[in-house]
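Here is how the chains run, residue by residue.
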Amino acid sequence: MGSTSARDNEGLGRRDLIKRSAALGLITVPTMSFLSACASGSGGEDKGKVEKGTKSDKNPLAVNESAPLEVVIFDGGFGTQYAEDANKIYEKNFPKAKVKFSKTQKIQSVLQPRFNGGTPPDLIDNSGAQQMDMGVLVGKKQLADLTPLLDAPSVDDPSKKVRDTLRPGIVEMGQFDGAPVWIMYYAYTVYGVWYSQTALDKLDAKYPETWDEMLALCEKAKKQGIAGWTYPGKHPYYLPFSLYPFIAKIGGVEVLDAIDNLEPKAWEHPAVKAAFEAYYELYKKGYVLQGTPGLDHRGSQGAWARGKALFIPNGSWVENEEAAIIPKDFKLSVGAPSGLDSSDKLPFGTIWASGGEPFIVPAQAKNVEGGMEQLRIMLSEASSKSFTANTKSLTAFNGGTTGITLSDGLKSGVAALEKAGQNVVNPRLQDWYVKLQKEQIGVAGLGEMMAGRLTPAETIKKIQGYADAVAKDSSIKHFKHQK
């Protein structure tokens, strides 16, 4: 794929215009602390594992009916009510069992010492900014294979296995290398460019399907004192929620696959260059909300919800996370990335949607069967409805919306999925290489570029260097898309 527009005879293409508009920035090296997510090896004796129970139709996983269960949930955008509801069902099904429940936003710092000590909880929602590195956990054999759960009968229809009730791609997401399934992604997240339809209506505008339209709308908003974009400047790994599908739209899914596979020069692909230059143009033209680099996710989302910026890259959890401040007439909506030009490989509507909220059962948990049984309960229609009703988001269960009044954001997300059809992408960097995705690509790369401290070319060079270092590091387990 070339770096110029297909409309060569019509003057400069969009990519050329972007190249000419991008100016050199100053290089700075950010100071940052990285929370190491290294887990200890898998050796050692089982520390106090409970004995299995008796397998039956009502207890297909042979849960010890009197053994306690410990559940730790990330307390983020989805809250924890859905998990607490499932805990009550578990205690009803196993009256002699006691569920110990806790919630935290500091998953890594709270739980890593327990992994290292061989005393992890039985079920964990491993999410958030302090998420433990999933690739490391898998590579160190710290997780239980969830295949028994997937092959167990579903709660609603015992003639169906749990795996047969899930949305497409969920099982595959939990696989890292071969058949075992290490993670159950419980939420089904739609990522993209989130906005208020009411705000666009006030500007007499529609959602921009091309980058020229995006820039024109941002200019129009700027004249009204409204920024075009904001994003979590302290957590700039949110930017890929719209940037990665933008790259795929320009150059095809194979570009993202090459990036995931840590292939040499993958970040130097023309599609990556064009996408980075487009986003950098938002900064250069003053379309990013002033002060954004210093905002965390709640700060940026709050400013956006209050109408200070039109667009924010985010996931479908934002509707629940900012429910208290999103105005009732906001008409929350999500858009797929605007196109670059007519040579884009994929059509408008290409979007990122995939499993979210990764649940894991530690291999050294005392009650592995109980952890899986709790997930089986959560993957029932009733629990799925509880989650959707409480969080305004879909689950991995392929259904669970019947009889529920869908919120604006959820309706928009469903419509976006329908429009995307087969053009749904699922980058894996954030699952396979957490440090690379968050601290290096996000903070040290995209964060610096969008703050104007690196040019797109400098950013690409820096990120490619990070990716190459990971690819060469024999201490890191590497994964590849299976063809």
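Residues numbered from 1 in each chain as written. Predicted model: local features only at pLDDT ≥ 70, side-chain atom pairs only at ≥ 80, totals over all residues. Heavy atoms only, no water.

## So, the overall build of the protein chain
In plain terms, the rule: Secondary structure elements are defined from DSSP: runs of H or I of at least 4 residues count as helices, runs of E of at least 2 residues count as strands, and each element is numbered from the N terminus. Using C-alpha atoms as the atom set, the radius of gyration is obtained and then compared with a globule rule of 2.2 Å times the number of residues to the power 0.38. Type-normalised accessible area, obtained with a 1.4 Å probe on protein chains alone, sets the label of each residue: buried when under 20%, exposed when over 50%, and partly exposed for intermediate values. The contact criterion used is simple: two residues touch if any of their non-hydrogen atoms lie within 4.5 Å. Every accessible area reported is derived by Shrake-Rupley at a probe size of 1.4 Å, with residue values counting cover from the shown protein chains alone. Neither His nor the chain termini are counted; the positive set is Lys and Arg, and the negative set is Asp and Glu. Charged side chains are reduced to one point each, which is NZ for Lys, CZ for Arg, CG for Asp and CD for Glu.
Regarding its fold elements, the protein chain presents 19 helices and ten strands. Computed over C-alpha atoms, the radius of gyration of the protein chain comes to 23 Å, within 12% of the 23 Å expected from 2.2 N^0.38 for 483 residues, which places it in the range of a compact globule. For the C-alpha atoms alone, the extent of the protein chain along its principal axes is close to 75 × 50 × 40 Å. Residue burial in the protein chain is summarised as follows: out of 483 residues, 57% are buried. Pairs at least 24 residues apart make up 77% of the contacts formed inside the protein chain by residues separated by at least 6 positions. A total accessible area of about 20000 Å² is found for the protein chain, and carbon and sulfur atoms account for 50% of it. The distance from the centre of the 57 positive side-chain charges to the centre of the 55 negative ones in the protein chain is 3 Å.

## Looking at the environment of valine 72
On the secondary structure map, valine 72 appears in strand S1 (residues 69-74). Separated by 288 residues in the primary sequence, valine 72 and isoleucine 360 place their C-alpha atoms 10 Å from one another. Setting aside anything within four residues of it in sequence, one finds valine 72 in contact with Ser102, Thr104, Ile107, Leu111, Pro121, Leu123, Ile124 and Asp125.

## Digging into the nonpolar core
Quick reminder of the rule: Nine residue types can take part in a nonpolar core, namely buried Ala, Val, Leu, Ile, Met, Phe, Trp, Tyr and Cys, and a core is a set of them joined through side-chain atoms within 4.5 Å. Domain start and stop points were drawn from an automatic or database domain assignment.
Counting 138 residues, the largest nonpolar core has Ile247, Trp267, Phe276 and Phe311 as its most contacted members. In terms of residue count, strand S4 (residues 184-196) provides more of this core than any other element does, ten residues in total. Composition of this core by domain shows at least three residues from each of domain 1 (69-189 + 354-414) and domain 2 (191-353 + 426-472). Apart from the residues lying within four places of it in its own chain, the contact partners of phenylalanine 311 are Val193, Trp194, Tyr195, Leu200, Tyr207, Pro208, Met214, Leu217, Gly228, Trp229, Thr230 and Trp304.

## Structural notes on helix H11 (residues 270-284)
Selection rule: Under the convention used throughout, the expected extent of a helix is 1.5 Å for every residue step, that is, one less than its residue count.
If you check H11, its first and last C-alpha atoms are 20 Å apart, about what 15 residues at 1.5 Å a residue would give, namely 21 Å. With eleven of its 15 residues buried, H11 lies for the most part within the structure. Listed as buried for H11 are Ala271, Val272, Ala274, Ala275, Phe276, Glu277, Ala278, Tyr279, Tyr280, Glu281 and Leu282. Just downstream of H11, glycine 286 is the residue with a positive phi angle, here 75°.

## Concerning the domain arrangement of the protein chain
Using the following cut-off: As used in this structure description, the phrase polar contact means that two N or O atoms lie within 3.5 Å; if the pair is within protein, one of them must be able to donate a hydrogen and the other to accept it, and residues adjacent in sequence are counted only when both atoms belong to side chains. Any residue outside Ala, Val, Leu, Ile, Met, Phe, Trp, Tyr, Cys, Pro, Asp, Glu, Lys and Arg is labelled polar, Gly included; the first ten of those are nonpolar and the last four are charged.
Taken domain by domain, the protein chain holds domain 1 (69-189 + 354-414) and domain 2 (191-353 + 426-472). Measuring from the centre of the C-alpha atoms in domain 1 to the corresponding centre in domain 2 gives 28 Å. Across the boundary between the two partners, domain 1 contributes 30 residues, which contact 24 residues of domain 2. Scanning the region where domain 1 abuts domain 2 turns up ten residue pairs in polar contact (both at pLDDT 80 or more). Breaking the side of domain 1 that touches domain 2 down by element, the ones donating at least two residues are helix H4 (134-139), helix H6 (170-173), S4, strand S8 (351-360), helix H15 (381-391) and helix H16 (408-420). Broken down by element, the side of domain 1 that touches domain 2 gets its largest block of residues, five residues, from H16. Each residue belonging to the side of domain 1 that touches domain 2 can be placed in one class, and the counts come to nine nonpolar, 17 polar and four charged.

## Some details on the pattern of salt bridges
Applied cut-off: A carboxyl oxygen of Asp or Glu within 4 Å of a side-chain nitrogen of Lys or Arg is what we treat as a salt bridge.
Overall, the coordinates contain eleven salt bridges when judged by the stated rule. With a shortest N-O distance of 3.0 Å, aspartate 344 and lysine 249 are connected by a salt bridge. You can see aspartate 344 sitting in the loop between strand S7 (332-335) and S8 and its partner lysine 249 sitting in helix H9 (residues 240-251), a full 95 residues away along the chain. No difference in accessibility class separates aspartate 344 from lysine 249, as the two residues are buried. The residue glutamate 373 makes a salt bridge to arginine 376 at a minimum N-O spacing of 3.0 Å. Separated by three residues within a single helix, glutamate 373 and arginine 376 lie in helix H14 (residues 368-378), roughly one turn from each other. With relative accessibility at 2%, the residue glutamate 373 sits in the buried group.

## Remarks on the confidence of the model for the protein chain
For the record, the criterion: Within a predicted model, pLDDT stands for the predictor's per-residue confidence, ranging from 0 to 100.
Scored by pLDDT, the protein chain comes out at a mean of 90, with 90% of its residues at no less than 70. Within the model, pLDDT remains below 50 along residues 1-45, and this stretch shows 101 contacts once partners closer than five positions in the same chain are excluded.

## A look at the packing of aromatic side chains
The test is simple: Whether two aromatic rings pair depends on their centres lying within 6.5 Å, for rings of Phe, Tyr and Trp, where Trp uses its six-membered ring; planes under 30 degrees apart make the pair stacked, over 60 edge-to-face, and the rest tilted.
Counted by the stated rule, this structure contains 31 aromatic pairs. Pairing tyrosine 82 with phenylalanine 387 gives two aromatic rings, centres 4.8 Å apart and planes at 85°, and the pair type is edge-to-face. Of this pair, tyrosine 82 sits in helix H2 (residues 81-93) while phenylalanine 387 sits in helix H15, placing them 305 residues apart in sequence. Taken as a pair, tyrosine 82 and phenylalanine 387 share a single burial class, namely buried. Ring centres 4.7 Å apart and planes at 35° place the aromatic pair tyrosine 191 and phenylalanine 241 in the tilted group. With tyrosine 191 in strand S4 and phenylalanine 241 in helix H9, the pair connects residues that are 50 residues apart, well separated along the chain. Taken as a pair, tyrosine 191 and phenylalanine 241 share a single burial class, namely buried.

## With respect to the pairing of strand S2 (residues 99-104)
Quick note on the threshold: Paired strands are those between which DSSP finds at least two bridges. Assignment of crossover handedness uses the view with strands pointing away from the viewer, where a clockwise path from the first strand over the helix to the second indicates a right-handed crossover.
With six bridges connecting them, S1 and S2 associate as parallel partners. Looking at S2, one finds that leucine 69 is bridged to valine 99. Handedness of the crossover joining S1 and S2 through H2 is recorded here as right-handed.

## Here's the deal with the environment of arginine 428
Tracing the sequence through the fold places arginine 428 in the loop between strand S10 (424-425) and helix H17 (429-432). Residue arginine 428 is classed as buried on the basis of its relative accessible area of 6%. Residues arginine 428 and aspartate 260 lie 168 residues apart in sequence; the distance between their C-alpha atoms is 6.0 Å. If we ignore the near neighbours within four places in the chain, the residues touching arginine 428 are Glu172, Met173, Gln175, Phe176, Asp260 and His481. In terms of polar contacts, arginine 428 uses its side chain to reach the side chain of aspartate 431, at 2.8 Å.

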